Amino acid sequence: MSKLSRVTLLQALRYRGGQPMLAWLLHRIAGTGIILFVSMHVLAGFFSYSVQGAAGSVGQVVNSVYESLPMQILVLFAVLYHATNGLRIVILDMWPSLIHYNREAMWIEWALFLPMFLVPASLMILVRA
Amino acid sequence: MTTQSDIAVQGRSGSQFELYAWFFTRVSGILFLLMGAFNLTYANLAGGRGVMGAGAQMRWAFFPISFHVRSTSVEVTPNFSNPFWQVYSFLIVVFAVTHGLNGLRVILEDYVRHPLLMAWVRVLLVAFWFFLLLAAIFLVFVYA
């Protein structure tokens, strides 16, 4: 872990970890994003229901941020990706001999994830009430 | 992907904490998936199919207690304040908060290199964990 300090940003960008690194990175980004979203959601609820006056409108502002369409699609991406990738990790951890098929597992994961994400996301963009 | 299990193998001598954290992350993730699928199925069978937007679907999937889903088009019956649904919703929050904050700890341990700072980060995370669980107890068992 302490080796991280000796890696410069340029080296990090140049590192070609391929699919597994992409999965690792997206899993972390999606997880952090979900934590941020849930924290925003709880704080906005707290502010708009229990704080009166000017501070109460903070809740409304935060609400309008995460209820916007781009944020909804980002949250959908984060939740779905974290779920499908997490399922792959759990399965490979439960049966360690399957790690030889990690590459195939990742392609199956994309095959499951992309339709599950793209169909609702495009419907959310195209069919707006 | 091997970060957590690597730590678990090395371990601090005598402490099984990382192993339990690793195991809990897997179990809570699976349970969370199953609970979300169950809640979504319920909400869509109970009249939400074709009427609910993405936001309403997520409200139902991840926290189906009465005050949280009252704004959606599915009718919320008084049954939703019975002990079973309260315990169920509380368990969802426990799994989500513990899974999330433990994941945040794992990420931060990769980037916070100063041991004393990391100790304070851990204290902060535990405090935040307790605060969120207390808030969940209030919301689910007192307010709902």
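Residues numbered from 1 in each chain as written. Chains lettered and ligands numbered in written order. Predicted model: local features only at pLDDT ≥ 70, side-chain atom pairs only at ≥ 80, totals over all residues.

**Student:** Would you mind showing me how to read the overall build of chain B here?
**Tutor:** Broken down by element type, chain B carries six helices and zero strands. The secondary structure elements of chain B, listed N-terminal to C-terminal, are α-α-α-α-α-α. Here chain B holds 144 residues, and 20% of them are scored as buried. (Helix = DSSP H or I, 4+ residues; strand = E, 2+ residues; numbered from the N terminus. Buried ≥ 20, exposed ≤ 12 C-beta atoms within 10 Å, placed from the backbone.)

**Student:** Looking at this structure, how should I read the confidence of the model for chain B?
**Tutor:** Do not read the fine detail of predicted coordinates wherever pLDDT is low. All names here are of chain B. Here chain B averages 83 in pLDDT, and 87% of its residues register 70 or above. The weakest mean pLDDT in chain B belongs to helix α1 (residues 3-10) at 53; the strongest belongs to helix α5 (residues 83-111) at 91. Interface predicted TM-score (ipTM) for the complex: 0.81; the corresponding pTM is 0.84. (pLDDT = per-residue confidence, 0-100.)

**Student:** Got a minute to help me understand helix α6 (residues 115-143) of chain B in this structure?
**Tutor:** Since there are 3.6 residues in each turn of an α-helix, residues three or four apart along the chain are aligned in direction. Residues and elements named next belong to chain B. For α6, which comprises 29 residues, the first-to-last C-alpha distance of 40 Å matches the rise-based estimate of 42 Å (1.5 Å per residue) to within 8%. Within α6, the full set of buried residues consists of L132, A136, L139 and V140. Looking at the buried residues of α6, the elements they touch are α5. (Expected span 1.5 Å × (residues − 1). Contact = placed C-beta atoms within 7 Å.)

**Student:** How do you make sense of the interface of chain B and chain A when you look at a structure like this?
**Tutor:** In many analyses, interface size is given as the accessible surface area lost on bringing the parts together. Listed by partner, the interface residues are 14 residues for chain B and 22 residues for chain A. For the side of chain B that touches chain A, the elements supplying multiple residues, two or more each, are α2 (17-48), α3 (54-62) and α5 of chain B. Of the residues forming the side of chain B that touches chain A, the biggest block, six residues, is contributed by α5 of chain B. Split by residue class, the side of chain B that touches chain A holds six nonpolar, four polar and four charged. (Nonpolar A, V, L, I, M, F, W, Y, C, P; charged D, E, K, R; others polar.)

**Student:** Please clarify how the nonpolar core should be interpreted in this entry.
**Tutor:** Across soluble globular proteins, nonpolar side chains show a tendency to be buried alongside one another. Counting 19 residues, the largest nonpolar core has F62, I92, V93 and A136 of chain B as the members making the most contacts within it. The contacts of A136 of chain B, once residues within four sequence positions are left out, are F90 and V93 of chain B. Among the nonpolar cores identified, the runner-up in size contains five residues, and A30, I34, V75 and Y81 of chain A belong to it. (Core = buried A, V, L, I, M, F, W, Y, C linked by C-beta atoms within 7 Å.)

**Student:** When you look at the packing of helix α4 (residues 69-94) of chain A against α2 of chain B in this model, what are you seeing that I'm missing?
**Tutor:** Helix packing for two helices is described by the angle between their axes and how far apart those axes are. Across the interface, α4 of chain A lies against α2 of chain B with an axial gap of 10 Å and an inter-helix angle of 130°. With respect to each other, α4 of chain A and α2 of chain B are oriented oblique. Where α4 of chain A crosses over α2 of chain B, the handedness of that crossing is left-handed. Side by side, α4 of chain A and α2 of chain B meet where A83, G86, L87, V90 and D93 of chain A of the first sit next to R26, G29, I30 and L33 of chain B of the second. Here the residues of the contact of α4 of chain A with α2 of chain B sort into five nonpolar, two polar and two charged. (Axes fitted to C-alpha atoms, helices over the stretch in contact; angles between N-to-C directions. Parallel < 35°, antiparallel > 145°, perpendicular 65-115°, else oblique. Left-handed = near helix turned anticlockwise from the far one by under 90°.)

**Student:** I'm lost on the packing of α2 of chain B against α5 of chain B in this one. Help?
**Tutor:** All names here are of chain B. Contact geometry of α2 with α5 gives a least axis separation of 9 Å together with a crossing angle of 135°. As far as their axial angle goes, α5 and α2 are oblique. When you trace α2 past α5, the crossing you get is left-handed. Within the contact between the two elements, α2 uses A21, F24, T25, S28, G29, L31, F32 and M35 and α5 uses I92, F95, A96, T98, H99, N102 and G103. The residue makeup of the contact of α2 with α5, split by class, is eight nonpolar, seven polar and no charged.

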